[in-house]
Amino acid sequence: MKGLLKGLGVTANVFTRKPVTIEYPDTKHLLPVRARSFPVLTWDFDHDEPFCTGCNVCVRNCPVDCMTATMQDNPKYTEGTSNRRKLVEKFWIDYGRCMRCNICVEVCPFEAIVMDNNWTGHEHASFDRRDLHMDLDELLRPSRTGSLEVPFRPQDNIELIEKQVKGEELPEETFKGARPPARQAQFERVARGEPAAIQEREPEKPKATAATAAAAAAGGEVEILSESKIRAKRMRAERTAKEHQDRGEAVPAEVLADIEKYRNMKPGVPYTPGGAAAGGGMGTGEVLTGTNPDGSMRFPPGVGTGPKGDPNSPEKVKAKRMRAERKAKEATDAGEPIPDDVAQTLYDLGSDLAPNGTIWATLAGPAGGSGGGGGISLGGTNTDGSMRFPPGIGTGPKGDPNSPEKVKAKRMRAERKAKEATDAGEPIPDDVAETLYAMGSDLAPGGSIWVKELGEGAPGEPMAAPAGGGAAAAPGAAAPAGGGMTFPPGIGTGPKGDPNSYEKVRAKRMRAERKAMEAQDKGEPIPDDVIATLRELGSPMAGGQ
């Protein structure tokens with residue numbers, strides 16, 4: 001009985017208390033700053049853009065792989081209203097997979113991502129999991145609307161407590177550009193008629209060379225690309241042409257024009273729709289100077305060709321010439337003559353500041369000349385006996401397939417195979433001939449690439465077929481990249497690995513031609529099946545029967 005009365009007393013006491021129940025969602029608890037829900041992106045009100053640059057550090061460190069981001073060039077960088085060269089283009093987070101581990105916040109180097117510490121970060125209930133895939137606009141909304149009043153990162157709180165305990169100077173406030181004061185300052189700038197973003201520096205002026213201006217004045221469209229972009233555009237056009245061929249369709253004229261254009265385009269040199277480089281170059285009568293069209297230093301033959309670390313490496317030669325040019329300018333500004341040793345260095349390294357005339361004038365000779373800058377007759381060998389490669393070949397860093405060492409080895413192997421075939425009285429294989437041509441070897445059987453570079457042939461003229469090798473291109477037939485064998489319509493158009501693919505048809509024809517040559521060398525008649533194969537695959541040897 002006594003226990004029953006005690007229980008009733010407790011019930012009566014609780015019954016008289018004021019209710020503590022909150023009627024969610026009409027009423028909500030105030031969440032602490034350290035609350036952690038899902039990650040969101042922060043908005044930089046000072047520069048009116050996201051803090052995120054799309055660097056993918058958070059994507060690579062996400063343990064559940066729920067994030068995806070892409071990067072783009074920042075147009076505000078050239079306008080001078082931002083110091084970020086790159087900016088996020090697209091960003092997705094799958095909240096259905098996110099485990100809110102906070103790793104993405106800790107590894108971000110730009111204060112671009114934070115865990116949402118408001119109710120907006122908790123209320124994501126949906127009937128379809130696909131509605132939990134958040135894009136860039138949804139991830140930026142809490143910060144842009146000002147609902148993310150105190151962007152919080154746990155590590156910041158730990159550092160703050162440590163310094164408070166030690167009595168040290170407190171750390172600087174983080175996420176400054178994403179906090180309400182920065183948002184209010186942006187509103188005030190706009191109200192005063194100023195831009196939303198702070199002007200960091202003067203807008204960049206578009207870079208234009210004399211050649212670019214001349215081409216623009218002539219009304220032509222100017223296109224200047226790097227080597228990698230030229231290669232990418234050429235490969236894309238060749239892939240499109242191959243797709244048309246696989247479907248048995250004619251390759252559109254504009255695709256063929258693009259292939260020809262990007263095969264002939266030089267890195268850093270303006271290109272006009274007419275197909276000629278607007279800035280001159282080798283083969284166009286340009287008088288060489290100490291600077292390439294792309295602004296890099298040009299050295300005389302044999303200079304700057306050594307491996308990395310060698311005194312004749314490009315890096316050390318460039319540094320030596322820059323020191324000499326700096327001393328020459330200091331002497332000129334002081335009204336003093338340029339020292340003889342500095343003048344000799346400027347001359348030897350091809351600088352335009354050489355006081356007694358540049359080395360380029362000496363190389364060009366009295367008459368000046370054309371094609372490769374004066375009277376320099378280009379070939380596969382420099383004046384010092386080292387290999388000379390065409391523009392863009394052998395320019396990669398050490399270890400790269402396009403490095404001088406690997407390109408040299410590849411060309412030497414091709415030259416060795418060519419000599420072996422020639423000594424054996426056999427035709428040089430098409431792949432070897434193409435390598436010799438592309439690497440600038442004088443042994444290329446269809447003519448050296450330097451003939452084309454010096455402008456002695458028709459612009460864009462494909463390499464002639466190797467002697468005894470592939471046939472000349474038939475009218476209407478699409479020749480493969482590099483000017484290799486061409487076949488009758490419908491032959492060699494299958495995908496790679498197919499019996500009708502270019503590789504397998506080419507091998508079949510080469511075997512038939514080899515058997516025909518062996519029969520001729522023995523004075524025997526060529527077998528009928530071999531003749532039939534030669535005729536079917538369009539071999540020039542079939543025409544002699």
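Student: Looking at this structure, how should I read helix α11 (residues 314-333)?
Tutor: Between its terminal C-alpha atoms α11 stretches 28 Å, which fits the 28 Å expected from 20 residues at 1.5 Å a residue. Within the sequence span of α11, burial applies to V317, R321, A324, E325, A328 and A331. Looking straight down α11, one finds that the buried residues subtend no more than 125° of arc, so they occupy a single side. Among the exposed residues of α11, those oriented more than 90 degrees off its buried face are E330 and D333. Buried residues in α11 make contact with α12 (340-348). Among the residues trailing α11, G335 stands out with phi positive, at a value near 75°.

Student: What am I meant to see in the packing of helix α17 (residues 502-521) against helix α18 (residues 528-536) here?
Tutor: The relative placement of two packed helices comes down to the angle between their axes together with the axis-to-axis distance. At their nearest, the axes of α17 and α18 sit 9 Å apart, and the two run at 135° to each other. Classed by the angle they form, the pair α17 and α18 counts as oblique. When the axes of α17 and α18 are compared, the crossing they make is left-handed. Along its contact with α17, which presents K508, R509, A512, E513, K515 and A516, the element α18 presents V530, T533 and L534.

Student: Explain the packing of helix α14 (residues 404-423) against helix α15 (residues 430-438) to me, please; I cannot follow it from the model alone.
Tutor: Taken N-terminus to C-terminus, the directions of α14 and α15 make an angle of 130°; their axes are 9 Å apart at the nearest point. Here α14 is positioned oblique relative to α15, judged by the angle of their axes. Of the two elements, α14 crosses α15, and the hand of that crossing is left-handed. Here K410, R411, A414, E415, K417 and A418 of α14 come into contact with α15, specifically with V432, T435 and L436. Looking at the contact of α14 with α15, its residues break down into four nonpolar, one polar and four charged.

Student: Got a minute to help me understand α15 in this structure?
Tutor: In an α-helix, one turn spans 3.6 residues, which is why side chains three or four residues apart end up on the same side. For α15, the full list of buried residues reads D430, V432, A433, T435, L436 and Y437. Just past α15, the residue G440 takes up positive phi, approximately 80°.

Student: Any chance you could explain the nonpolar core here in plain terms?
Tutor: Nonpolar side chains in soluble globular proteins tend to be buried together. L41, M67, F91, I93, Y95, I113 and L139 are the most contacted members of the largest nonpolar core, which has 34 residues in total. Among the elements of the structure, β1 (39-41), α2 (57-61), β4 (67-73), β5 (86-94), α4 (103-107), β6 (113-115) and α5 (136-144) are those that each provide at least two residues to this core. Filtering out sequence-adjacent residues up to four positions away, I113 remains in contact with P39, V40, L41, T42, M67, I93, C104, V105, C108 and F175. One finds A414, A418, V432 and A433 within the second-largest nonpolar core, a separate group that totals ten residues.

Student: I would appreciate a short explanation of a positive patch on the surface in the present structure.
Tutor: Together, K320, R323, R326 and K327 make up a region of like positive charge exposed at the surface. Looking at the secondary structure, you find R326 in helix α11.

Student: How should I be thinking about the sheet that holds strand β7 (residues 133-134) in this particular structure?
Tutor: Two strands in a sheet stick together by hydrogen bonds in their backbones, pointing the same way (parallel) or opposite ways (antiparallel). On the basis of which strands lie adjacent, the open sheet formed by three strands has the order β4-β5-β7 and antiparallel pairing. Each end of this open sheet is capped by a strand with a single partner; those strands are β4 and β7. In the sheet, β5 pairs with β7 via two bridges, with the strands oriented antiparallel. Along β7, the bridge assignment pairs I93 with M134. Where α5 meets the sheet, it contacts β5 and β7, and its direction lies at approximately 95° from that of β5.

Cut-offs applied
- Residues numbered from 1 in each chain as written.
- Predicted model: local features only at pLDDT ≥ 70, side-chain atom pairs only at ≥ 80, totals over all residues.
- Heavy atoms only, no water.
- Helix = DSSP H or I, 4+ residues; strand = E, 2+ residues; numbered from the N terminus.
- Expected span 1.5 Å × (residues − 1).
- Buried < 20%, exposed > 50% of the residue type's maximum accessible area, 1.4 Å probe, protein only.
- Arc of directions from axis to C-beta.
- Contact = heavy atoms within 4.5 Å.
- Axes fitted to C-alpha atoms, helices over the stretch in contact; angles between N-to-C directions.
- Parallel < 35°, antiparallel > 145°, perpendicular 65-115°, else oblique.
- Left-handed = near helix turned anticlockwise from the far one by under 90°.
- Nonpolar A, V, L, I, M, F, W, Y, C, P; charged D, E, K, R; others polar.
- Core = buried A, V, L, I, M, F, W, Y, C linked by side-chain atoms within 4.5 Å.
- Patch = residues over 30% accessible without salt bridge, like charges linked within 9 Å, V, L, I, M, F, W, Y side chains within 5 Å.
- Areas by Shrake-Rupley, 256 points an atom, 1.4 Å probe, with all protein chains shown as cover.
- Salt bridge = Lys/Arg side-chain N within 4 Å of Asp/Glu carboxyl O.
- Lys, Arg positive; Asp, Glu negative; His and termini not counted.
- Charge placed at Lys NZ, Arg CZ, Asp CG, Glu CD.
- Pairing = 2+ DSSP bridges.

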